[in-house]
Structures are given as C-alpha cells and as structure tokens.
Amino acid sequence: VQTCALPIYVPVQFTATFNSNHVSDVAWMKILGRAFIAEGQLAEIENRPNDAAKSYLDAIHLANESARGGLLLDLIVGEVIEEFGVTHLQQLAPRLDTKTCRVAAVTLEALDAQRPTWDEVMQEERAWSYRTFFGWRNELARLINRYKLKQTFEKVDSHLKERHLATRRLILDLAARAYELDKGKPPASIANLVPDYLKAV
C-alpha cells in the first residue's frame, strides 16, 4: 500500500445543502472501494492470492483516508468499505504466504493507528453544524433533539468499535500465521509476535 506524502482531507463546505450534495461524492467512494474488492476477487479466481491481498489492503486504506477531515457520513461510508476489505482479507488469510502475511499485518497496524478517531470526526460534525446552522432557533432545535442524537451517536460509536476490533483480530491472525509459517508452530502468546511481526501488542 502506497501512502500519500501529504494527507488528503474531505473538502467540507459550511452550507445547508452540503450533506445532501455530498451523498453523491461518498457514493462514488463506495463504488471505488467495491472496485478494489472486485479486483481482489478476480485475482483470487486467477489463483493470485498475494495480489488479491494487496487489493483488499487498498480498499482498507481508501476507507481510512476517505473519512479524514470529513463528517459522520464520510466515517460511516469509510467503515462500510473497510468491512468489505477486512472480510475478504480474513477469508483469504489461510492462502497467503509468509511475506504477504507480514506485510499485511504491518500495513493494517499502521492504518489502524492513523485512522480518524471518533472524537475527531464528532468535533468536525459539531463544528459543521454550528457554523452552518446558527442562531437561536437552530440552537433550540439542537437542545430539543440532544437526547435523541446522543442515543443515535452512541449506537454508531458502539458499532464502529466492533468494526475496529474485527480489524485488530485480523492483524493478529495475519501476524500469527506469518509466525507459524516461519517457525513451524503457532505463537505461544501475542507477546511472541513483537517486534518481528507487530510493532506492539
């Protein structure tokens, strides 16, 4: 996976129509993610599992970058793309060689550490809301809907945490497989994977 020299951010506009107009942008992002998945599936059909792994990693990388600096909508679509990539890579893992497992584990570990956090996205979401919908009427509407919004956000946050745990389980599975292929036996504990297969537990 190639990383950009400069970070890319979602170009948020502080207008009332931004979210409705932005839906088409994130829809195209989802299509691009599906294209990476399709590329990986084709590689699997052609018995090129290592190439397939690269395509799935590209989809996960896209998922992380597509939400950077964006709003909750961007984060949710990014998570959908990541789920596609993680699910396919998890199924492919038993067919991967040592080198590909190691590269995939290290790449995913780096992407997981750099992903936009829930707090960062919610800060962007609040800033957009306050700068776009200002005045006492909008403030009153926010107060009235505060409890309902809080419940909704908590559900989304809980789902995202489960999604991130799935990615981290995949990181461990890939690192453990690389270890087993190298040593001829599975690791006795996660600590055995550091520092050769993972940077940290």
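Model, not experiment: these values are computed from the prediction.

Trainee: What am I meant to see in the packing of aromatic side chains here?
Mentor: Each aromatic ring pair is described using two quantities: the centre-to-centre distance and the angle formed by the ring planes. For the structure on display, the rule yields two aromatic pairs. An angle of 85° between the planes, with centres 5.6 Å apart, marks the rings of W128 and F133 as edge-to-face. With centroids separated by 5.6 Å and ring planes inclined at 65°, the aromatic side chains of Y179 and Y197 adopt a geometry described as edge-to-face. Within this pair, whereas Y179 is found in helix α7 (residues 146-183), its partner Y197 is found in the segment after α7, the two being separated by 18 residues in sequence. Assessed through its relative accessible area of 10%, Y179 is described here as buried. R102 extends its terminal NZ or CZ atom over the ring of Y197, reaching a point 4.5 Å from the ring centre.

Trainee: Looking at this model, I keep getting lost on a nonpolar patch on the surface. Mind explaining?
Mentor: Together, W136, L140, L143 and I144 line one region of the surface with nonpolar side chains, adding up to about 480 Å² of accessible area. Here L140 lies in helix α6 (residues 136-144).

Trainee: Could you clarify how one ought to interpret the pattern of salt bridges in this entry?
Mentor: Side chains carrying opposite charge are able to pair once their charged atoms draw close together. In total, this model carries twelve salt bridges according to the counting rule given. Across the salt bridge formed by R48 and E46, the nearest N and O atoms sit 2.6 Å from each other. Here D112 and R115 are joined by a salt bridge, their closest N and O atoms 3.0 Å apart. For D112, a relative accessible area of 13% translates into the label buried. Residue R115 is classed as buried on the basis of its relative accessible area of 9%. Within this structure, E79, E82, D112, R115 and R168 form a network of salt bridges that share partners.

Trainee: Can you walk me through the environment of A43 in this structure?
Mentor: Tracing the sequence through the fold places A43 in helix α1 (residues 18-45). Of the residues examined, A43 reaches a relative accessible area of 2% and is grouped as buried. A sequence separation of 14 residues divides A43 from M29, and the C-alpha atoms of the two residues are 21 Å apart. The residues touching A43, leaving out its near neighbours within four places in the chain, are R48, P49, D51 and A52.

Trainee: For this particular structure, what's the right way to read the environment of I171?
Mentor: Along the polypeptide, I171 turns up in helix α7. Sequence separation between I171 and K150 is 21 residues; the distance between their C-alpha atoms is 31 Å.

Cut-offs and rules
- Residues numbered from 1 in each chain as written.
- Predicted model: local features only at pLDDT ≥ 70, side-chain atom pairs only at ≥ 80, totals over all residues.
- Heavy atoms only, no water.
- Phe/Tyr/Trp six-rings, centres within 6.5 Å; stacked < 30°, edge-to-face > 60°.
- Helix = DSSP H or I, 4+ residues; strand = E, 2+ residues; numbered from the N terminus.
- Buried < 20%, exposed > 50% of the residue type's maximum accessible area, 1.4 Å probe, protein only.
- Lys NZ or Arg CZ within 6 Å of the ring centre and 35° of its normal.
- Patch = residues over 30% accessible without salt bridge, like charges linked within 9 Å, V, L, I, M, F, W, Y side chains within 5 Å.
- Areas by Shrake-Rupley, 256 points an atom, 1.4 Å probe, with all protein chains shown as cover.
- Salt bridge = Lys/Arg side-chain N within 4 Å of Asp/Glu carboxyl O.
- Contact = heavy atoms within 4.5 Å.

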